[in-house]
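Fold and geometry: a report
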Amino acid sequence: MNLLNGIGEWAIEDVINKYPYVGDILARYEIGCVTCSVGICLLKDVVSIHALGDDVEARIEEEINSYIAARDAA
């Protein structure tokens, strides 16, 4: 995944702390990382481990990047 600000390499807990709506995006695709108490998995691994396919991963990437771009521009 090619995510803005390099967040694909961030632990999911750090991503959600900085960009909370990413948790909502993941939840829509039945990726329940928001409820995880560990939170050390990298965002890119969280998405790929669910084997959703290239098209779905591309949609997730696009949604996350759009959200981050809009939030950072505000």
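Residues numbered from 1 in each chain as written. Predicted model: local features only at pLDDT ≥ 70, side-chain atom pairs only at ≥ 80, totals over all residues. Heavy atoms only, no water.

**Section: the overall build of the protein chain**
Helix and strand counts for the protein chain come out as 4 helices and 0 strands. Taking 74 residues into account, the globule formula puts the C-alpha radius of gyration at 11 Å, and the protein chain, at 11 Å, falls close to it. Overall size of the protein chain, expressed as C-alpha extent along the three principal axes, is 30 × 30 × 20 Å. When the 74 residues of the protein chain are sorted by exposure, 35% land in the buried category. The contacts of the protein chain with a sequence gap of at least 6 include a subset with a gap of at least 24, amounting to 69%. Taking the average location of the 5 positive side-chain charges in the protein chain and that of its 13 negative ones, the two points are 5 Å from each other. (Helix = DSSP H or I, 4+ residues; strand = E, 2+ residues; numbered from the N terminus. Rg over C-alpha atoms; globule rule 2.2 N^0.38 Å. Buried < 20%, exposed > 50% of the residue type's maximum accessible area, 1.4 Å probe, protein only. Contact = heavy atoms within 4.5 Å. Lys, Arg positive; Asp, Glu negative; His and termini not counted. Charge placed at Lys NZ, Arg CZ, Asp CG, Glu CD.)

**Examining the packing of aromatic side chains**
Counted by the stated rule, this structure contains 3 aromatic pairs. Judged by centre distance (6.2 Å) and plane angle (25 degrees), the rings of Trp-10 and Tyr-19 are stacked. The exposure class of Trp-10 is partly exposed, given its relative accessible area of 25%. On the basis of relative accessibility, which here comes to 1%, the residue Tyr-19 falls in the buried class. Feature note: the residues Trp-10, Tyr-19, Tyr-21 and Tyr-67 constitute an aromatic cluster, connected by ring pairs. (Phe/Tyr/Trp six-rings, centres within 6.5 Å; stacked < 30°, edge-to-face > 60°.)

**Quick look at the side chain of Asn-65**
Assignment of secondary structure puts Asn-65 in helix H4 (residues 54-73). Polar side-chain contacts of Asn-65 include one of 2.7 Å to the backbone nitrogen of Leu-4. Setting aside residues up to four positions removed in sequence, Asn-65 forms contacts with Asn-2, Leu-3 and Leu-4. (Polar contact = N/O pair within 3.5 Å; in protein donor to acceptor, adjacent residues only side chain to side chain.)

**Examining the packing of helix H2 (residues 21-28) against H4**
The interhelical angle for the contact between H2 and H4, taken along N-to-C directions, is 160 degrees, at an axis separation of 10 Å. Taken as axis vectors, H2 and H4 run roughly antiparallel relative to one another. As for how H2 packs across H4, the hand of that crossing is right-handed. Touching Tyr-21, Val-22, Ile-25, Leu-26 and Arg-28 of H2 are Ile-60, Glu-63, Ile-64 and Tyr-67, all from H4. Of the residues that constitute the contact of H2 with H4, the class distribution is 7 nonpolar, no polar and 2 charged. (Axes fitted to C-alpha atoms, helices over the stretch in contact; angles between N-to-C directions. Parallel < 35°, antiparallel > 145°, perpendicular 65-115°, else oblique. Left-handed = near helix turned anticlockwise from the far one by under 90°. Nonpolar A, V, L, I, M, F, W, Y, C, P; charged D, E, K, R; others polar.)

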